[in-house]
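# Coordinate analysis (summary)
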4 protein chains.
Amino acid sequence: MAEPMQVLSDHLTKVGITLLAEDEAAKADLIIAIGGDGTMLYASSRARDANAPILGINRGRLGFLADVTPDEMISSVDHVLRGDYTTDSRLLLQARLLSRSGEEQTAFALNDVVLQRSETGRMVDFETRISGRYVNTHSGDGLIVATPTGSTAYALSCGGPIIEPQLDAIVVVPVCPHTLTDRPIVVSANQSIEVRLIERDDTKAEITVDGLSMGSIRPDDKLLICAANNRVTLVHPPGYDFYEILRSKLFWGRDSRKRDT
Amino acid sequence: MAEPMQVLSDHLTKVGITLLAEDEAAKADLIIAIGGDGTMLYASSRARDANAPILGINRGRLGFLADVTPDEMISSVDHVLRGDYTTDSRLLLQARLLSRSGEEQTAFALNDVVLQRSETGRMVDFETRISGRYVNTHSGDGLIVATPTGSTAYALSCGGPIIEPQLDAIVVVPVCPHTLTDRPIVVSANQSIEVRLIERDDTKAEITVDGLSMGSIRPDDKLLICAANNRVTLVHPPGYDFYEILRSKLFWGRDSRKRDT
Amino acid sequence: MAEPMQVLSDHLTKVGITLLAEDEAAKADLIIAIGGDGTMLYASSRARDANAPILGINRGRLGFLADVTPDEMISSVDHVLRGDYTTDSRLLLQARLLSRSGEEQTAFALNDVVLQRSETGRMVDFETRISGRYVNTHSGDGLIVATPTGSTAYALSCGGPIIEPQLDAIVVVPVCPHTLTDRPIVVSANQSIEVRLIERDDTKAEITVDGLSMGSIRPDDKLLICAANNRVTLVHPPGYDFYEILRSKLFWGRDSRKRDT
Amino acid sequence: MAEPMQVLSDHLTKVGITLLAEDEAAKADLIIAIGGDGTMLYASSRARDANAPILGINRGRLGFLADVTPDEMISSVDHVLRGDYTTDSRLLLQARLLSRSGEEQTAFALNDVVLQRSETGRMVDFETRISGRYVNTHSGDGLIVATPTGSTAYALSCGGPIIEPQLDAIVVVPVCPHTLTDRPIVVSANQSIEVRLIERDDTKAEITVDGLSMGSIRPDDKLLICAANNRVTLVHPPGYDFYEILRSKLFWGRDSRKRDT
């Protein structure tokens, strides 16, 4: 994928833009991520620290996050440099894993925080609380706590709804729940979600944040998820349309199962 | 159903509360609805006009809306009369059906506005727009536009998520969509939803608001749904817990499919 | 759609095949249906009476049933006329609607028999029995009883599984069931399915067979569905592959939501 | 769990039945399993080798497989000993894991064979073939291949249908598939299912058979699943009714979400 990056670097240098090394992100006015939505997840953690907006350029097809395709890359970047763009502020989640021994780890998610069983062939049992209030005791493969951005990622595969990016909400989606009535719940982003494993000898589960491991959780640990103080700003060239991307990614309007009379 | 009403009337009279006839609702300080969630839907339209809060007493089991059971009725009412209660403000939807001839009908929903095919054996095709932006062209049995309150009613049967009552959101749920990727979308309550039928000779569909018919929609008509200016206030005796009601109604925690080793 | 039909007629006449009028179907050795899957449903009722196999030519894209596209029409028909084809015998359902007054109507389905509520805004309550054994009391929008062929039609939109055409099975799919644990059940094709409405004043529901109305059902009526004695034989040119059609119709392998790293 | 077993042993000895040690199962005329459905899965592997029928006694509530409750244990066993029982022959799956190095492992499942990703935060990509014919390339958490008996276990949590025990069928259920149109497929029990991982550096997945690990699968390995030659026979006291158990386990008919007018 060196090519688009080289083409873009040459162009930016030509028009007088200073390029910074990745570890200088904190000084950047704009972060340009070239890759797919995975690259955007990585860039978002840089952008959060740097407090800089991100423009995402996809290597292949349109992505949910990287919504500029290579062939429109130069013109899109020029639009943005001329101030012709829209911005879109995305909710981040903060996940805190508090262990019984008093240790605490923190991570941030643009998409989701996922708890999942670490042993095959066995369900994980856990309890959820929303802002301190007991919600449910679940059994199953795990739980997803997702942002609106993450609602079109793993959460969608597990039966969660699509949430428009502008809504300040968090969705809690059980993964393959044993209880068939255990359904996704959408709550306000000012709520906090707490998850604890139910005691059973040798139980543990894994926590993943935007697809990266955050470690294991055990019965006396506590996973706390809430909206982060910071948000990430996405920069879009003119004409950005969330619903157009949805239609494209989900093949809406190209219903080939429909019969022609 | 006469019994609890009589018992309650006697009690209220005894403690010096003035009872008003239903058509005097506008003068009431509190509306007490005795019945099930259906009665509450009816009472909510009264409450909206009267701008009075509602206390719901269920005839049988706990309801999502009527959350006082008959045996705790007197003590719950006494709590409320002493000022010992919580309130809970619920979003209402306003549905406007604009016909091609310029006529306009309006209705209000505490649960949902539903569009559904009127002919058996044939799908209805329709387009949705969110705040003027084209979303999708759907084929299927219809569409539900629900409040958080309505998210646990018909929308839940059609694969929609549960939305906590405090979240200012609207959920749009396709009913038996032909396109398998056509999924529920949750949007902010400051968005408006527009639905139009796709032209096909003799096409029509029915609009239902909180289960009551609002009439037919035809290809040149337009259905517009947005948050109403008013909300409805529910009064709960102390100890009200939305998640406890969910657990009770959805049999959470009573998972009889789970095996005992 | 006259064109492919004319082209085909000319070709068949040229190669010495006698064309029969539709009302002479009983004398035909082969029925060729030109249209979409809807045309195939109609042709299947002719084919059942005539005991002749059907070759389906789709006007547009590949269909589940009409699996020859116009541009390969002549060569496909020539293959079939030379004896170079495969056949595929499809289960039909027989639906009998027995009214309280003793009247009986019968209809046959290649896809499905559907019961659905006739009133908007109100659920229909009904009971099911499988070969005389009580199964469940359902509330919701209705019920689909589908063949393997129908499993990729309306039943799929309502959460039913795909059933391979060769399996002698019937699938019973509740439509938007109020009870969230009310799930599709697959039974052997030698079982019979019985459906009755639950008494409630003025209740009725509509019965549809392959999308065509069979009339209303009322609380004292009985709907009986079983495998028909006859089956319908589909003729396919060489290379027919059920899974290839599934992949094409369901966009399998073209997953645009997947991220490119 | 000693109690019911002691009570039962005493009773059986009193009525002149010879009790055998577990390793003498091959000489038994009847295997009695006391526990839950998990115990029944274990007993089924004994029963398969011994070619003896199993009677399942549940320690607590009714199970899908262990359908005698402790309080009716003695009378149920007496019925069975008097010849007053029904039998019910259940399909078993044979899973063969063929490694690139030529090794082969075999295991048998009464419920299901499950392939699942071993790494958290990353999808597993795999291909399926049915009787040698390519079906689909999947991405997601994994795949379940279940018997009718297993259709009410893990497969049900992942969106699979209920399959009546008498139907000779196998259901293939994708687990949290990334492609939203990737749906359960029911095939005849005379088909074989083949699963292979898609090559990607360091990819592997875990295979579980009735909840027990069978080991890992890697891109050059092959998992082959088909109906086993043997079946397992369940013995039921008079009055056994599969649908009654379903109603009990899935809370059918106790729909507490339904409103009381």
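Residues numbered from 1 in each chain as written. Chains lettered and ligands numbered in written order. Predicted model: local features only at pLDDT ≥ 70, side-chain atom pairs only at ≥ 80, totals over all residues. Heavy atoms only, no water.

## Looking at a nonpolar patch on the surface
Residues and elements named next belong to chain A. In plain terms, the rule: Patch rule: a residue counts if its relative accessible area is over 30% and it has no salt bridge; like charges are joined within 9 Å, and nonpolar side chains (Val, Leu, Ile, Met, Phe, Trp, Tyr) within 5 Å. Accessible surface area values rest on a Shrake-Rupley calculation with a 1.4 Å probe, where residue burial reflects the displayed protein chains alone. A pairing counts as a salt bridge when a side-chain nitrogen of Lys or Arg comes within 4 Å of a carboxyl oxygen of Asp or Glu. Strands here mean DSSP runs of E at least two residues long; helices mean DSSP runs of H or I at least four residues long; both are numbered from the N terminus. For each residue, the accessible area found with a 1.4 Å probe, counting protein chains only, is set against the maximum for its type, and the residue is called buried under 20%, exposed over 50%, and partly exposed in between.
Taken together, the side chains of Val15, Ile17, Leu19 and Leu81 present a nonpolar region at the surface, about 300 Å² in accessible area. Along the chain, the position of Leu81 falls in helix H3 (residues 73-81). Residue class for Leu81 comes out partly exposed when judged on its relative accessible area of 39%.

## Concerning the pattern of salt bridges
Inspection of the entire model under this criterion finds 47 salt bridges over all chains. Ionic pairing is found between Arg46 of chain C and Glu22 of chain C, a salt bridge with its closest N-O pair at 3.2 Å. In this pair, Arg46 of chain C is assigned in helix H2 (residues 37-50) and Glu22 of chain C in the loop between helix H1 (2-14) and strand E1 (31-35), connecting sequence segments 24 residues apart. Given a relative accessible area of 31%, Arg46 of chain C falls into the partly exposed group. You can call Glu22 of chain C partly exposed: its relative accessible area is 44%. A salt bridge links Arg196 of chain D to Glu194 of chain D; the shortest N-O distance between them is 3.1 Å.

## Remarks on the interface of chain B and chain A
Applied cut-off: In this analysis, two residues are considered to be in contact whenever any of their non-hydrogen atoms come within 4.5 Å of each other. Once two parts are put together, the accessible area they lose, assessed with a 1.4 Å probe and summed over both, is termed the buried area. Ten residue types, Ala, Val, Leu, Ile, Met, Phe, Trp, Tyr, Cys and Pro, are classed as nonpolar, four, Asp, Glu, Lys and Arg, as charged, and the remainder, Gly among them, as polar. One requirement defines pairing of two strands: DSSP has to find at least two bridges between them.
Taken together, the 44 residues of chain B in the interface contact 43 residues of chain A. Of the roughly 3,700 Å² buried between chain B and chain A, counting both surfaces, carbon and sulfur atoms make up 52%. Of all residues in chain B, Arg183, Tyr243 and Trp252 of chain B bury the most surface against chain A, accounting for 17% of the area lost on that side. Linking chain B with chain A are two salt bridges, by the criterion used here. A salt bridge links Arg133 of chain B to Asp241 of chain A; the shortest N-O distance between them is 4.0 Å. Going through the elements one at a time, strand E6 (124-130), strand E7 (133-140), strand E9 (162-163), strand E11 (185-188) and helix H5 (242-249) of chain B are the ones with two or more residues in the side of chain B that touches chain A. Here the side of chain B that touches chain A takes five residues from E7 of chain B, the largest share from any one element. Each residue belonging to the side of chain B that touches chain A can be placed in one class, and the counts come to 23 nonpolar, ten polar and eleven charged. Bridge analysis of strand E9 (residues 162-163) of chain A against E11 of chain B gives two bridges, and the strand direction is parallel. Residue pairing in the sheet places Ile162 of chain A in a bridge with Ile185 of chain B of E11 of chain B.

## Description of the relation of the copies chain B and chain A
The test is simple: In superposing the copies, a least-squares fit is computed on C-alpha atoms, taking residues whose pLDDT is at least 70 in both.
By a simple turn and slide, chain B fits onto chain A: the slide is 0.0 Å along the axis, the RMSD is 0.0 Å, and the turn is 180°. With respect to symmetry, the two chain copies, as superposed, fit the operation of a two-fold axis. Across chain B, the rotation axis passes nearest the C-alpha of Pro161 of chain B, at a separation of 3.2 Å. Comparing interface residues between copies, 98% of those in chain B also lie at the interface in chain A; the contact surface is shared.

## Focus on the packing of aromatic side chains
How two aromatic rings sit relative to each other is given by the distance of their centres and the angle of their planes. Rule in force here: Centres within 6.5 Å make a pair out of two Phe, Tyr or Trp rings, where for Trp the six-membered ring is used; the pair is then stacked when the planes are under 30 degrees apart, edge-to-face when over 60, and tilted otherwise. By definition here, charges over rings are those cases where NZ of Lys or CZ of Arg is within 6 Å of the ring centre and within 35 degrees of the ring normal.
With the rule as written, the count across this model stands at six aromatic pairs over all chains. Judged by centre distance (4.6 Å) and plane angle (0°), the rings of Phe251 of chain A and Phe251 of chain C are stacked. With Phe251 of chain A in the segment after helix H5 (242-249) and Phe251 of chain C in the segment after helix H5 (242-249), the pair connects residues from two separate chains. Considered together, Phe251 of chain A and Phe251 of chain C belong to a single accessibility category, that of buried residues. Here the aromatic rings of Phe242 of chain C and Tyr243 of chain C are separated by 5.2 Å at their centres, their planes lie at 70°, and the arrangement is edge-to-face. Take Phe242 of chain C and Tyr243 of chain C: they sit in the same class, and that class is buried. Sitting over the ring of Phe108 of chain C, Arg48 of chain C keeps its end group 3.8 Å from the ring centre.

## Things to note about the domain arrangement of chain A
All names here are of chain A. Our working rule: Residue ranges assigned to the domains are those given by an automatic or database domain assignment. Definition of a polar contact: a pair of N or O atoms within 3.5 Å, with one able to donate and the other able to accept a hydrogen when the atoms are protein atoms, and with sequence-neighbouring residues admitted only if both atoms are side-chain atoms.
When its domains are assigned, chain A resolves into domain 1 (4-90 + 231-250) and domain 2 (93-227). A straight line from the C-alpha centre of domain 1 to that of domain 2 covers 29 Å. Where domain 1 abuts domain 2, roughly 1,100 Å² becomes buried across the two surfaces, and 67% of that area is made up of carbon and sulfur atoms. In this structure, the connection of domain 1 to domain 2 is made through one salt bridge. Between Asp168 and Arg231 there is a salt bridge, and its shortest N-O distance comes to 3.0 Å. Viewed at the interface, domain 2 and domain 1 are joined by two residue pairs in polar contact (both at pLDDT 80 or more). Looking at the side of domain 1 that touches domain 2, the elements that each hand over two or more residues are helix H2 (37-50), strand E3 (86-98) and H5. Residues that form the side of domain 1 that touches domain 2 fall into these classes: seven nonpolar, two polar and four charged.

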